[in-house]
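Analysis of the macromolecular model
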Amino acid sequence: VTSPGDQVAVVKGDYPRFVINNKSPEIVGGFNDDFTQVTVLNATTAEGDTTRVTAGAQLAPAPPPAASNNTAISVRATTGSTTIRNLAVRQDDVSASTSTSGIEIHSSVNAVVLQSVRAVGGNSSLNPTGLLVSGSSGVVVAGSWIESGAPDPAATGSSAYGVRAVSGASVT
């Protein structure tokens, strides 16, 4: 991916980690092996028929998320419009002392669009969050399912968030 607006087509399957260095990519999941058909993610799509990101994908430029925060997809400091479409995002379950997010968006100048995305924060974690948006980021969520994981009941002060917008961020 080298130019703004480039599309990254992703074949159905599980992806524990991928890195994309671009200011404004469009990431589209659900393609079959020869990229001729797409299975569109909806409320009844079986997870085996989707493109699943389970941990560690990152849209750069940015350093990897801190070790104390496990995020399946991280979008940081993008300057163009970024679209993430047709992906199932499920953060792995982790210990009670670790925060998790299905998708984290931080300080993106233009809107990040999530279309037909299913995002779930990890279970047994500190403050599991489906979608965390922070900084000056704006996010548009369309036809998507965002949900928290379940916090560890033993973690004092832990909450669960489907969508969490902090530090001047907006979500529509």
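Above this text you will find the structure in question.
A brief structural summary. (Residues numbered from 1 in each chain as written. Predicted model: local features only at pLDDT ≥ 70, side-chain atom pairs only at ≥ 80, totals over all residues. Heavy atoms only, no water.)

Below, the discussion takes up the overall build of the protein chain. Summing up its helical and strand segments, the protein chain has 0 helices and 15 strands in all. Counting the 172 residues in the protein chain, one finds 45% classified as buried. When contacts within the protein chain are restricted to residue pairs at least 6 apart in sequence, long-range pairs at least 24 apart make up 70% of them. (Helix = DSSP H or I, 4+ residues; strand = E, 2+ residues; numbered from the N terminus. Buried < 20%, exposed > 50% of the residue type's maximum accessible area, 1.4 Å probe, protein only. Contact = heavy atoms within 4.5 Å.)

This part covers the nonpolar core. In terms of nonpolar packing, the biggest core is built from 20 residues, with Ile73, Ile84, Val89, Ile103 and Leu114 touching the most fellow members. At the level of elements, strand E1 (7-11), strand E7 (69-76), strand E8 (82-90), strand E9 (99-106), strand E10 (112-120) and strand E11 (126-134) are the ones that each hand at least two residues to this core. Ranked by the residues each element gives to this core, the list is headed by E10, at 4 residues. Those residues in contact with Ile103, other than ones at most four positions away along the chain, are Thr71, Ile73, Val89, Leu114, Val117, Ala119, Gly130, Leu131 and Leu132. (Core = buried A, V, L, I, M, F, W, Y, C linked by side-chain atoms within 4.5 Å.)

Even without being a glycine, Asn86 presents a positive backbone phi close to 65°. Assignment of secondary structure puts Asn86 in strand E8.

Tracing the sequence through the fold places Ser81 in the loop between E7 and E8. Each C-alpha atom, one on Ser81 and one on Ala111, is 5.6 Å from the other, the two residues being 30 residues apart in sequence. For Ser81, the contacting residues outside a window of four places in its chain are Ser24, Pro25, Asn110 and Ala111.

This part takes up the pairing of strand E12 (residues 138-142). Sheet topology note: the E10/E12 ladder contains 4 bridges and is parallel. Counted as the bridge partner of Val113 is Val140 from E12. Relative to strand E15 (residues 170-171), E12 runs parallel, the two being bridged by 2 bridges. Bridging across to E15, Val139 finds its partner in Val171. (Pairing = 2+ DSSP bridges.)

Turning our attention to the side chain of Thr83. Among the secondary structure elements, Thr83 is positioned in strand E8. Taking relative accessible area as the criterion, Thr83 reaches 16% and is therefore assigned buried. Once residues within four sequence positions are removed from consideration, Thr83 is found in contact with Pro25, Glu26, Ile27 and Val113.

We now examine the pairing of E11. The buried fraction of E11 is high, at 8 of 9 residues. Relative to E11, E9 runs parallel, the two being bridged by 6 bridges. Bridge assignment links Ile105 to a residue of E11, and that residue is Val133. Looking at chain direction, E11 and strand E14 (residues 161-165) are connected through 4 bridges and run parallel. Pairing of Thr129 across the sheet is with Tyr161, part of E14.

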